[in-house]
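# Examination of the molecular architecture
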Amino acid sequence: MEKETLQQREKRILSYWQTENVFEKSIENRKNRDSFVFYEGPPTANGLPHVGHALGRTVKDVVARYKTMQGFLVERKAGWDTHGLPVELGVEKQLGISGKQEIEKYGIEPFIQKCKESVFTYEKIWRSFTEQLGYWVDMDHPYVTLDNSYIESVWHILSKVHKDRLLYKGHRVSPYCPSCQTSLSSHEVAQGYKDVKDLSATVKFRRVDSNEIFLGWTTTPWTLPANVALAMHPDLTYVKAQLDGEVFIVAKSLVFTVLGENATILSEHQGAEFAQVAYKPPFDYIAVEHGHVVVMAEYVTETSGTGIVHIAPAHGEDDYQTVKEHGLSFINVVDLRGCYTNEITDLAGRFVKDCDVDVIKLLAASNLLFHKEKYEHSYPHCWRCDSPLLYYATDSWFIQMSALKEQLLANNNTVTWYPDHIKEGRFGKFLENVVDWNISRNRYWGTPLNVWVCTDCGHEEAPESIAALSLLAQQPLPDDLHKPYIDDVVCTCPQCHATMRRTPEVIDVWFDSGSMPFAQHHYPFEQEAFQKQFPADVVIEGIDQTRGFFYSLLAVSTLYKGQAPYKNVLSLGHVLDEHGQKMSKSKGNALDPIDLINSYGADALRWALLVDSSPWNPKRFSTKIVQEAKSKLLDTLENTFSFYQLYAGIDQFTFDAAQQGTPILLDKWVLARLHTTIAKVTTHMDDYQFTQGCREIAKLMDDVSNWYVRRSRQRFWASGFSEDKRAAFNTLHTVLSEVCKLLAPFTPFIAEHIYMQLHNESVHLQDYPTADAACINVKLEEEMTTIVKIVELGRSIRNAKNLKVKQPLAELIIASAQNLSNYNRIIQEELNIKQIQWLPSTEAFVETHFKLNFKTAGAAFGKHVNAVKSYVETMATEDKNTLLCEGQLTVQLDEQSLTLEHAHLLTESTVKDGYELAEDGKLQVLLYTHLTDSLIAEGHVRDFIRFVQDQRKQLNYPIEKYIDMQIACSSQQQMILQQFEALLRANILVQDIQFVASLNNAFCYTFAQEELQVSLSLN
């Protein structure tokens, strides 16, 4: 039968899970157990999944599967983020329109319908990707942010915020996207900073009452046409300084930085002396009724610029407050598209961020430009459309988060963050500087802000439910709560009985997301599910959600419930390309996770994402890493299982826990390794240290495959069915079963594939392994680690001398403080050695010579260095051994007690003829590499055995069947083969060996430097 491909296997397992409802059963089996609560951050289904989503979904699935196997009830509700500008922008692109004006021309109602239709554009791809990845989450009953039930819960939260007097409308300067034509919240701004090069300008502002010039500095030259004032600090010292016949006013500490060394200081002044001094503005496009005077402001500093700040009230929060405080005029020369208005005749209709150079040219033409320079700085860009943001004075609704700062910090203090530095760092600092949440958006597709305002008395109502709105409404409510339908709902003012109309804004989509702990269960209108699912034990998303989803959850929960909505936060790092660059389709360096699954399987992708580096670190990722993950772990596991399956089939072995056979030291060792690994993995997983857990399993599988199975082959190959063979089968069956359970959360497909064949049950319905202390044997593990090191040292000598392992050698000498001669057989078989000696040291075979390392010794011993040199050259053998064993030696020289260390010496070793030395710390091995005729002959025979086994494979002879062998060779070759016939029969299942004069159609092989012919046939 043709072998099943990896892709066929994973499809078969997916089908099995679906047909047998394994996911549902895994939850149902724990329905009476304690809950482990997990929140799914909602993706937007109008975009395609990328490798970052694969990482997030893998980690979420690992946690949920692990906790389920530990016995917890882990319900997993999927969610879809369906509102917001990303959806609107996608529809605009689809319709070939751009901007609010064109949307309104197209029609708000048909535009909303298009938005609603578009949100699930890629829902089938997302569902397929999620299933292919093996991520178990309930996608049949998701929460959807556009549903009326979800919106009603959000309204209930906002109603409470309004009742608590934390929701207010204000005219303030906010970050504003001219492309999207809406303001942003501070945590949205925090997601979109980029390093850019902009122009700064030092501008001349001439006093009205004299020829003196204030030098004002700005990093936004485009705001200069809107200048209303200059700000100086009242307590800073300023100077009047002369340069090239002009008198300039700047901060004293900056005078030479700004004016250079040739400036002459004429006088010093306190900033307060310049209060209300009038100046001539750089541009006269707008008549300012109250302004163009110097005002005092405490925020002005002398750390950069000139110590004098240009004030444009529409484009900076400090500027806006300064103008209000001093009763100056408010002017704005930029429209909602970010373009200059018609008053700015030279630049009308142009996008302001493109006009810095033009503004500077206009200043230069009027002799008002003192200096310009490019500087690199971090500037906010829209996280949705990538346009540079402006700071723009608009009317917006705000939630007074600043009033909850201490409670936010206290709630965050109850949370454990991974990695932990984000708690006090990136996230904690953001909370310490929290500003009021700009909650409203002047857009169309979103949860409508549930505030109705009386047109007469200004009274506000924020209904907490659909029923509460119905009581206020003058007509039946629409079936759809979105714009434009909800805008038609007119209410009656309970204060003055006049008409109330809804404020037209929708809310920030992040408030939707932050409301998910409540709205996904339609809380408080439905209570039971929420009570079991709040707060979350863990929330897992990318690090870019620190000020997005993570903050929104905390902010909404603090507003609504006064507590943190989660106990643990896992903040995952970005997945980068192999060169450390951000992946993007435009760069051509993006990896498609679905392509990776189709090529290498979901298990390989999942394992690669976890074992390579901790999930919170930025992760350099490539196809090669996925390939290596497949070969190093998955192929090793599959090959090990195939070995077991092959010989279990030959011997018709059936596992019986009651019949253990007669375990040998190797069996006890591998079971000790297994249970030590179980203990370590459990500790790591309980602390969300996935990478460490993965690496422990990988090390165990390497030991099982490359040591236990390799060392046990002869036991499986042996004829008959001894108690030793039973122990080997039972042990390997047990190890494979427990490894499948260990791996089930990480690589669910191969774990299911193997466990099902071993037990005819789903591994995902089992409990996670627990370590059996009775099986753990630290001493045995340490001893076997030493034996493996000895074998590795012996192999390193063989490789260096080009001696194949098939070539037997006479002797191995091991210098170790511990005599482990009971392991001699293992070492002999691994290194093909006839005899082993264990000695306390190699002094009889190795002569060590020390020379002083003057680079290190000179600094350590100073004037005593020559005395130390003389001592080293005549050092006694006993002292040499002490230094070699202990790493240091205290000696008395020049009436001083000096400590001589390895680092102070250069070591040369002379090894006895015929021996080669290799060492690892205090462990030393000497391999005798001289070859006798007998050893050479045996080497030829062992290589011949390898050749015969290879031919058996080529002939597809069953491995359990005996063969007959005919050999045509010289008398010398025949003598050697007959001499080692017992070795041949011990390694080849051969019944009859015949030596003949010649053969036709035989295999040719060079044996002992002569060619022989061999013919094989089944017995």
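What counts and what doesn't
- Residues numbered from 1 in each chain as written.
- Predicted model: local features only at pLDDT ≥ 70, side-chain atom pairs only at ≥ 80, totals over all residues.
- Heavy atoms only, no water.
- Helix = DSSP H or I, 4+ residues; strand = E, 2+ residues; numbered from the N terminus.
- Buried < 20%, exposed > 50% of the residue type's maximum accessible area, 1.4 Å probe, protein only.
- Areas by Shrake-Rupley, 256 points an atom, 1.4 Å probe, with all protein chains shown as cover.
- Lys, Arg positive; Asp, Glu negative; His and termini not counted.
- Charge placed at Lys NZ, Arg CZ, Asp CG, Glu CD.
- Salt bridge = Lys/Arg side-chain N within 4 Å of Asp/Glu carboxyl O.
- Pairing = 2+ DSSP bridges.
- Phe/Tyr/Trp six-rings, centres within 6.5 Å; stacked < 30°, edge-to-face > 60°.
- Arc of directions from axis to C-beta.
- Contact = heavy atoms within 4.5 Å.
- Core = buried A, V, L, I, M, F, W, Y, C linked by side-chain atoms within 4.5 Å.
- pLDDT = per-residue confidence, 0-100.
- Axes fitted to C-alpha atoms, helices over the stretch in contact; angles between N-to-C directions.
- Parallel < 35°, antiparallel > 145°, perpendicular 65-115°, else oblique.
- Left-handed = near helix turned anticlockwise from the far one by under 90°.
- Nonpolar A, V, L, I, M, F, W, Y, C, P; charged D, E, K, R; others polar.
- Polar contact = N/O pair within 3.5 Å; in protein donor to acceptor, adjacent residues only side chain to side chain.
- Right-handed = clockwise from strand over helix to strand, strands pointing away.
- Disulfide = S-S within 2.5 Å.

What follows concerns the overall build of the protein. The number of helices and strands found in the protein is 35 helices and 39 strands. The principal-axis extent of the C-alpha atoms belonging to the protein is close to 120 × 85 × 55 Å. By residue count, 54% of the 1019 residues in the protein fall in the buried class. When the accessible surface of the protein is totalled, it reaches about 44,900 Å², and 47% of it is carbon and sulfur. Positive and negative charge centroids in the protein, built from 98 and 129 side chains respectively, lie 3 Å apart.

Next up on the list: the pattern of salt bridges. All chains considered together, the criterion is met by 54 salt bridges. Between E28 and K31 there is a salt bridge; the shortest N-O distance is 2.9 Å. Using a relative accessible area of 45% as the deciding quantity, one classes E28 as partly exposed. Within the structure, one salt-bridge network assembled from shared partners comprises R710, R711, R795, R825, E829 and E830.

Now for the sheet that holds strand β22 (residues 499-502). One open sheet holds the 4 strands; their spatial order is β20-β19-β22-β21, and the pairing between them is antiparallel. Each edge of the open sheet carries a strand with a single partner, namely β20 (460-461) and β21 (491-492). Sheet analysis places β21 next to β22, joined by 2 bridges and oriented antiparallel. Bridge pairing in β22 places C491 opposite M500.

So, about the packing of aromatic side chains. With the rule as written, the count across this model stands at 47 aromatic pairs. Judged by centre distance (5.5 Å) and plane angle (90 degrees), the rings of F205 and Y279 are edge-to-face. Of this pair, F205 sits in strand β6 (residues 193-206) while Y279 is found in the loop between β11 (264-270) and β12 (293-296), placing the two residues 74 residues apart along the sequence. Of the two residues examined, F205 and Y279, each falls in the buried class. On the basis of an interplanar angle of 80 degrees and a centroid distance of 6.2 Å, the ring pair of Y523 and Y560 is categorised as edge-to-face. Taken together, the residues Y523 in the loop between α18 (516-519) and α19 (528-532) and Y560 in helix α20 (residues 549-560) connect sequence positions 37 residues apart.

In this section: helix α31 (residues 865-873). Among the residues of α31, V865, V868, Y871 and V872 are the ones counted as buried. Projected down its long axis, α31 shows its buried positions confined to an angular sector of 120 degrees, all on one face. Seen from the buried face of α31, the exposed residues on the opposite side, beyond 90 degrees, are N866 and E873. Residues of α31 that are buried make contact with β30 (846-852), α30 (854-861), α32 (877-886), β31 (888-893), β32 (896-901) and β33 (905-911).

With that out of the way, let us pick up the nonpolar core. With 133 residues, the main nonpolar core has F621, F690, I787 and L812 as its most contacted residues. No other element matches the 11 residues that helix α23 (residues 623-650) contributes to this core. In this structure, F690 is in contact with V59, V62, V63, L570, L610, P615, W616, M685 and F746, ignoring residues within four places of it in sequence.

Looking at the protein as a whole, its pLDDT mean stands at 91, while 99% of the residues score no less than 70. Of all helices and strands in the protein, the one with the weakest mean pLDDT is helix α9 (residues 186-189) (67), whereas helix α8 (residues 148-163) scores best (98).

In a beta sheet, neighbouring strands pair by backbone hydrogen bonds and run either parallel or antiparallel. Pairing is mixed in the open sheet, where 4 strands are placed in the order β29-β28-β35-β34. In this open sheet, the two strands that pair with only one neighbour each are β29 (833-839) and β34 (915-920). Recorded for the sheet is a direction-independent mean angle of 20 degrees between the axes of neighbouring strands. Bridge count for strand β28 (residues 809-815) against strand β35 (residues 923-928) is 5 bridges, and the pairing is antiparallel. Within β35, the position partnered with A815 by the bridge is Q924. Its contacts with the sheet place helix α28 (residues 778-800) against β28, β29, β34 and β35, and it is angled at close to 45 degrees to β35.

Moving on: unusual backbone geometry. Looking along the chain, the bond that leaves Y418 and enters P419 is cis, with omega of 0 degrees. For P419, the position within the fold is in the loop between β16 (416-418) and α14 (421-424). Between F534 and P535 the backbone carries a cis peptide bond, its omega angle lying at -5 degrees. As for its position among the elements, P535 is in the loop between α19 and β24 (538-542).

Turning to the packing of α23 against helix α25 (residues 690-717), a few remarks are in order. When two helices pack together, their arrangement is given by the angle between the helix axes and by the axis-to-axis distance. Where α23 contacts α25, the axes come no closer than 10 Å and their chain directions differ by 25 degrees. Considered as vectors, α23 and α25 are oriented roughly parallel to each other. Read as a crossing pair, α23 and α25 show a hand that is left-handed. Residues L633, T636, L637, T640, F643 and Y647 of α23 form the contact with α25, whose participating residues are A698, M701, V704, S705, V709, R713, F716 and W717. In terms of residue class, the contact of α23 with α25 is made up of 10 nonpolar, 3 polar and 1 charged.

So, on to the environment of T130. As for its placement among the helices and strands, T130 is situated in helix α7 (residues 123-133). Residue class for T130 comes out buried when judged on its relative accessible area of 1%. Those residues in contact with T130 that sit more than four places away from it in its chain are R57, Y135, V137 and M139. Side chain to side chain, T130 and R57 meet in a polar contact 2.5 Å long.

Here A815 is to be found in strand β28. Given the relative accessible area of 2%, A815 is considered buried. Once the C-alpha coordinates of A815 and V846 are considered, the two residues, 31 residues apart in sequence, prove to be 11 Å apart. Dropping the residues within four chain positions of it, A815 is found in contact with L839, S841, T842, K922, L923 and Q924.

Within β28, 6 of the 7 residues are buried, which leaves it mostly tucked inside the rest of the structure. The pairing of β28 with β29 spans 6 bridges and is classified as parallel. Its bridge partner lying in β29, I813 is registered against Q837. Running through helix α29 (residues 824-831), the crossover from β28 to the neighbouring parallel element β29 is right-handed.

A few words on the side chain of N412. Looking at where N412 falls in the secondary structure, it is placed in helix α13 (residues 405-412). Sequence-distant contacts of N412, defined by excluding residues within four places in its chain, comprise W417, K423, F427, G428, L431 and L554.

Right, let's talk about the side chain of Q924 for a bit. With respect to the helices and strands, the residue Q924 is situated in strand β35. Q924 gets classed as buried once you look at its relative accessible area, which sits at 17%. Among the polar contacts made by the side chain of Q924, one reaches the side chain of E919 at a distance of 2.9 Å.

Attention shifts here to the state of the cysteines. Scanning the entire structure with this criterion turns up 0 disulfides. Between C339, a free cysteine, and C355, which holds the nearest cysteine sulfur, the sulfur-to-sulfur gap is 8.3 Å. Judged by its relative accessible area of 7%, C339 falls in the buried class. Distance from the sulfur of C1004, which forms no disulfide, to the nearest cysteine sulfur (C969) is 13 Å.

For the rest of this paragraph, the subject is the environment of D767. By the secondary structure assignment, D767 is in the loop between α27 (748-759) and α28. Placed 26 residues apart in sequence, D767 and K741 show a C-alpha to C-alpha distance of 7.8 Å. In contact with D767, not counting residues within four places along its chain, are R30, M69 and K741. Engagement of the side chain of D767 in a polar contact is seen with the side chain of R30, the distance being 3.4 Å.

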